[in-house]
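Below are the chains, spelled out letter by letter.
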Amino acid sequence: MDGPGGIDLSAAIAAPGQSPGAISIDIKSVKKRYPATANSAGIVALDDVSLTVKSGEVVVIIGPSGSGKSTLLRTINALEKIDSGTIVVNGDVVTNKATDLPAFRSKVGMVFQHFNLFLHKTAMENVILPQVAVKRRSRAEAEANAGKFLAKVGMLERANNYPSQLSGGQQQRVAIARALAMNPQVMLFDEATSALDPETVGGVLDLMRELAGEGMTMVVVTHEMHFAREVADRVVFMDAGAIVEMGTPEQVFRNAQSERTRKFLSLVG
Amino acid sequence: MIGQFLDFLGADLAHYWKIAAAVMPALLKGFVETLKLALVGILWGSFLGGTLGILRGQHIRVATPLIGAYLHLLRGTPFLVQLYVIYFVLPNTGYSWLQWDSQTAAFVSLGIYTSSYVTEIVSGAIRAIPRGQWEGAFALGFNRLKTLRLIILPQSIGLILPALGGVYVTLIKATSIVSVVGIVELMRQADISIVRFPGDILYIYFLAGALYFAFCFPVLMIVGRLEERSKNGRMVRA
């Protein structure tokens, strides 16, 4: 299970009580609508969406812009509020008001379209700070860990650079290292390659492929159909806030049941 | 006017030396009072303004409009009016805890005046930080307070400091207004000295002005220095 970086992530990935195949993320009848404002009618963002993700599974969500795929992903770690429904992640009831959200979120890694690296910190400090401030690790332990994960994503030589001194692809790799250093049970990728220059997309996708191969539980929102086809255990096609089709890449890409899915796939090639 | 100025230049240096020696002790005493007023105003005005600014910088249902009203009220009225209200009107409400001596009234009004500007500066700087910085921190498990302290405020400081210097200098100069409620600060001491030496109005005001400048200039310098330092490492998103 060693990646090219030579670091075995299996210890970090297999959290206690999570055997492969057990349900990791359980989304039940989630509804969300944006209320009408002066210049727009109300929009149904999520229309009764249910989805389960098993431990170690890679689920890739595809669909047109505005279909609700990013919104759905962001509800998993409660960055987005929902109107009704329940979401349970590895035993934590995300939708319960009593849940300690910061503590829960520290167990879920998220990678954003625009990286969201802390702009006033170097790559190294970006990876160290959350471990110290949230996980309460010692500085020495956090530093050793940061070195390890920056090496894994191939960014150790640039450890002392600020985000503004790095290309988009490099920033995204640091962001992935930052999330992994928290030893997440689940990784969420929100259009992680959409804002990258074409030549740096490959490196980030390779890294995601590698993580998938190591058994990380992943939910990936992407426009990269090759990635979906090749890496996903399951592909989810969303449109207008609802899941239209769900199945293995083979089922969805070769044998889509719904006309909408077929039309979307023919347009994105 | 011009004639007076030429007289000022051409007159005997010894005369000016004598006047300076006579009025300087009083002016310095006034300067100390001005210093005290400004420092108290800066300290608690910044504390109050910083707190309100942090609250206003994030959308909180009740706090944001309330603080907005406070700002509009203070920034839409002259400082002199605020001072009169605090010193002359509040005691008439009958509450004993609102009966302030002139110094307390001066401290309170200067602080409130300062806070209105500091609030806007701090909240503006916080809002200028991209939303993704908050989300990035939240997703890693930072709570709101930790995000503010470790991520947002350190990035805002480079925007806050330069604007703060301007407010502090404005405040130092505004202390001259509190002489109207009987505080004997630098400007009041200058007026008193002019009664003693009516022939040297321009010179005495010049000395008072030099003392104000000697206070304001280092404040601007220090803030400029801090601004430079905070810029190191603070980069704009590519």
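What you are looking at is a predicted structure, and each value in this text was computed from that prediction instead of being measured.

Colleague: Quick question: what am I supposed to make of the nonpolar core here?
Modeller: Soluble globular proteins tend to bury their nonpolar side chains together. In this structure, A:Val89 and B:Phe142 are the most contacted members of the largest nonpolar core, which totals 87 residues. If you tally residues by element for this core, the top one is helix H7 (residues 144–174) of chain B, at 12 residues. Residues A:Ile128, A:Leu150, A:Ala228 and A:Val252 belong to the second largest nonpolar core, which totals 50 residues.

Colleague: I'm lost on the packing of helix H2 (residues 13–57) of chain B against helix H8 (residues 186–196) of chain B in this one. Help?
Modeller: Packed helices, taken two at a time, are described by the angle their axes make and the gap between the axes. All names here are of chain B. It is the contact of H2 with H8, at a shortest axis distance of 7 Å, that shows an interaxial angle of 160 degrees. On the basis of their axis angle, the class for H2 and H8 is roughly antiparallel. As for the relative orientation of H2 and H8, their crossing is right-handed in sense. Contact residues: H2 offers Ala22, Val23, Ala26, Leu27, Lys29, Gly30, Phe31 and Thr34, while H8 offers Leu186, Gln189, Ala190, Ser193 and Arg196. Its residues assigned to classes, the contact of H2 with H8 shows seven nonpolar, four polar and two charged.

Colleague: Where do I start with the UniProt feature "domain: ABC transporter" (unreviewed entry) in chain A in this structure?
Modeller: Using the residue numbers shown here, the UniProt feature "domain: ABC transporter" (unreviewed entry) corresponds to residues 25–265 of chain A. Across residues 25–265 of chain A, the secondary structure splits into 36% helix and 25% strand, with the terminal C-alpha atoms separated by 27 Å.

Colleague: Any chance you could explain the sheet that holds strand S6 (residues 108–111) of chain A here in plain terms?
Modeller: Strands pair in a sheet through their backbones, by hydrogen bonds, and they do so in one of two ways: parallel or antiparallel. Residue and element names in this part refer to chain A. Ordered by their spatial adjacency, six strands build an open sheet running S6-S7-S8-S3-S9-S10, and the pairing between neighbours is mixed. If you trace the sheet from one side to the other, it starts and ends with S6 and strand S10 (242–247), each paired once. The sheet shows a mean angle of 15 degrees between the axes of neighbouring strands, direction not considered. Pairing of strand S9 (residues 234–239) with S10, which is carried by five bridges, proceeds in the antiparallel orientation. Counted as the bridge partner of Met238 is Ile243 from S10. Those strands touched by helix H7 (residues 198–213) are strand S3 (58–62), strand S7 (186–190) and strand S8 (217–221), and its axis lies near 150 degrees from that of S8. Sitting on the sheet, helix H10 (residues 259–268) is in contact with S3, S9 and S10, with an inclination near 100 degrees to S9.

Colleague: I would appreciate a short explanation of the pattern of salt bridges in the present structure.
Modeller: When charged atoms on two side chains of opposite charge get close, those side chains can pair. Across all of its chains, the model carries 19 salt bridges over all chains by this definition. The closest approach of N and O atoms between A:Glu80 and A:Lys32, which form a salt bridge, is 4.0 Å. Of this pair, A:Glu80 sits in the loop between helix H2 (69–76) and strand S4 (84–89) while A:Lys32 sits in strand S1 (residues 23–34), and the two are 48 residues apart along the sequence. Across this residue pair, the class does not change: A:Glu80 and A:Lys32 are buried. Linking A:Glu57 and A:Arg234 is a salt bridge whose minimum nitrogen-to-oxygen distance equals 2.8 Å. A residue pair is termed long-range when its members are at least 10 positions apart, and A:Glu57 in the loop between strand S2 (43–54) and S3 and A:Arg234 in strand S9 qualify at 177 residues. Here the two residues A:Glu57 and A:Arg234 agree in accessibility, since each one is buried. Beyond isolated ion pairs, a larger network of salt bridges with shared partners links A:Lys32, A:Arg74, A:Glu80, B:Arg131 and B:Glu135.

Colleague: Can you help me understand the interface of chain B and chain A in this one?
Modeller: Interface size is commonly expressed as the accessible area that is lost once the parts come together. Every contact between the two is made by 22 residues of chain B and, on the other side, 26 residues of chain A. Where chain B meets chain A, there are seven residue pairs in polar contact (both at pLDDT 80 or more). Those elements giving two or more residues to the side of chain B that touches chain A turn out to be helix H6 (131–140) and H7 of chain B. Broken down by element, the side of chain B that touches chain A gets its largest block of residues, nine residues, from H6(B). Across the side of chain B that touches chain A, the residue classes tally to 11 nonpolar, seven polar and four charged.

Definitions and limits used
Residues numbered from 1 in each chain as written. Chains lettered and ligands numbered in written order. Predicted model: local features only at pLDDT ≥ 70, side-chain atom pairs only at ≥ 80, totals over all residues. Heavy atoms only, no water. Core = buried A, V, L, I, M, F, W, Y, C linked by side-chain atoms within 4.5 Å. Buried < 20%, exposed > 50% of the residue type's maximum accessible area, 1.4 Å probe, protein only. Helix = DSSP H or I, 4+ residues; strand = E, 2+ residues; numbered from the N terminus. Axes fitted to C-alpha atoms, helices over the stretch in contact; angles between N-to-C directions. Parallel < 35°, antiparallel > 145°, perpendicular 65-115°, else oblique. Left-handed = near helix turned anticlockwise from the far one by under 90°. Contact = heavy atoms within 4.5 Å. Nonpolar A, V, L, I, M, F, W, Y, C, P; charged D, E, K, R; others polar. UniProt positions renumbered as here; feature names shortened; annotations may be inferred. Pairing = 2+ DSSP bridges. Salt bridge = Lys/Arg side-chain N within 4 Å of Asp/Glu carboxyl O. Polar contact = N/O pair within 3.5 Å; in protein donor to acceptor, adjacent residues only side chain to side chain.

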